[in-house]
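Residue-level listing of the chains:
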Amino acid sequence: MKITKNIVATSQGDITLFRIENASGASVELSSLGAGITSVRVPDKFGNIAEVALGYENPADYMADGPCMGKVPGRYANRIADGHLEIDGKTYQLNINNGPNALHGGPSGFQNRIWEAAIIPNGVKFTYHSKDGEEHYPGNIIVTASYTWSEDNTLRLDLQAITDAPTVVNLTNHAYFNLEGADEGSILSHKLCLKASHYLPTDKTQIPTGELASVKGTPMDFTSPKEIGLDIDVDFEPLKIGKGYDHCWALDNWEKGKLMQGAVVLAAPSSGRMLTISSTQPGVQIYTGNWLAGSPKNKSGVSYNDYEGVAIEMQGFPDAPNKPAFPSQELKPGETYKETIIFAFTVE
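If you're wondering where the values come from, they're calculated on a predicted model, not measured in any experiment. (Residues numbered from 1 in each chain as written. Predicted model: local features only at pLDDT ≥ 70, side-chain atom pairs only at ≥ 80, totals over all residues. Heavy atoms only, no water.)

Visitor: I tried to follow empty space enclosed by the protein on my own but got confused; where do I start?
Guide: Empty space left among the atoms is revealed by rolling a probe the size of a water molecule over them. Under the criterion given, the structure shown has two cavities of 30 Å³ or more. Lining the largest cavity we find Asn78, Arg79, Leu200, Thr202, Gln206, Pro208, Asp246, His247, Cys248, Gln285 and Pro318. Counting residues per element, the lining of the largest cavity draws most heavily on strand 20 (residues 246-250), which supplies three residues. Considering only residue class, the lining of the largest cavity consists of four nonpolar, five polar and two charged. By volume, the second largest cavity is sized at about 30 Å³. Lining the second largest cavity we find Gly74, Arg75, Gly105, Ser108, Gly109, Phe110, Ser130, Glu134, Glu135 and Tyr137. A breakdown of the residues in the lining of the second largest cavity according to their chemical character gives two nonpolar, five polar and three charged. (1 Å grid on protein atoms, 1.4 Å probe; cavity = no way out; pocket = protein on both sides within 12 Å on 5 of 7 lines; lining within 4 Å. Points joined across faces, edges and corners; volume = space filled by probe spheres on them. Helix = DSSP H or I, 4+ residues; strand = E, 2+ residues; numbered from the N terminus. Nonpolar A, V, L, I, M, F, W, Y, C, P; charged D, E, K, R; others polar.)

Visitor: For this particular structure, what's the right way to read the nonpolar core?
Guide: One broad trend across soluble globular proteins is that nonpolar side chains are buried collectively. Trp249 and Phe345 are the most contacted members of the largest nonpolar core, which totals 64 residues. Top element by residues in this core is strand 12 (residues 141-149). It accounts for five residues. If near-sequence neighbours (up to four positions away) are discounted, phenylalanine 345 is found in contact with Val40, Val42, Val52, Trp149, Asp152, Asn153, Phe177, Leu179, Met274 and Leu275. The next biggest cluster of nonpolar side chains, apart from the first, holds 15 residues, and it includes Ile87, Val168, Leu200 and Ala250. (Core = buried A, V, L, I, M, F, W, Y, C linked by side-chain atoms within 4.5 Å. Buried < 20%, exposed > 50% of the residue type's maximum accessible area, 1.4 Å probe, protein only. Contact = heavy atoms within 4.5 Å.)

Visitor: What am I meant to see in the pattern of salt bridges here?
Guide: If charged atoms from side chains of opposite charge come close, those side chains can pair. For the coordinates displayed, the defined rule picks out 13 salt bridges. In this structure, lysine 299 engages glutamate 51 in a salt bridge whose closest nitrogen and oxygen atoms are separated by 3.5 Å. Note that lysine 299 is positioned in the loop between strand 23 (283-287) and strand 24 (310-315) and glutamate 51 in strand 5 (residues 49-51), a separation of 248 residues in sequence. According to the relative accessible area criterion, lysine 299 is partly exposed, its value standing at 39%. According to the relative accessible area criterion, glutamate 51 is buried, its value standing at 13%. Of the charged contacts, one joins arginine 156 and aspartate 158 as a salt bridge, the two residues approaching to 2.8 Å between their closest N and O atoms. By relative accessible area, arginine 156 is classed as partly exposed at 33%. Among the charged side chains, a network of salt bridges with common partners joins Asp88, Glu330 and Lys332. (Salt bridge = Lys/Arg side-chain N within 4 Å of Asp/Glu carboxyl O.)

The values are spatial; any link to function lies outside them.
And the structure:
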């Protein structure tokens, strides 16, 4: 495995980019800004290697971008209602940055920090020290995001965190994929399959109501492969709220600490590329890039349009700290937060 690094000076500090290439020439690029995925280059069914992860031309443009392109958001990925957090009877008011709610840890979340980085066998380990009171979350925590790349084009992400005081943690990766090629337009013809027979309905601010609703007979049903765009424009209130899919599905038969193989499968009809995602997380947020227009210029020198990439965020449930029935995302001293996400790129 060949690993090279490049340091880019920016006004926010030096960003280190790591390129990991296997023997076939397939590669990933990772950034110390937000412990992000900035490139994934894999072959199609004809053997042609091309970019399938959306990304920006300028490495500094990932700082404070709206799409949270490719990065690890935190301390709590997704939304917390009204920024209200209560732990062990003590209330914390988080910074509000998404309507009335806190999103992705706040405006200076983990995704907008430059992490420490070290090369490990076949990959890179990123580390971030988040101080007590950062974005008003309690506890000093140490977070690591370790990526490894394999000869069979599998990218593994291991997420860990420890704390010195009770807190909440929900980590994921926010990469956007287009398996036809990052500059090939809409992903609405991609087929998506989820091992999830229930999703989380939300209010108009995209906070879960607390119930798990059956997908059966609704546009939320991806229990068998279905084109993403097939039902995206139907008259269905949840799709109107987010201008498309931006919802969390509850994975069937989830068990804490157990890796669910093939939780998500994404396939592109023309290139034949497939992405199979396995994870230990209880939920998956599918976001169809509904607001990508106006983002920083991509590697072709233009901005993406809406629906040109799909983010598949394996994670804990949104607003779980305020929903006791949801799987807990609390982390206490002496415990270790451990989650794994595996992205396997193949062809059919």
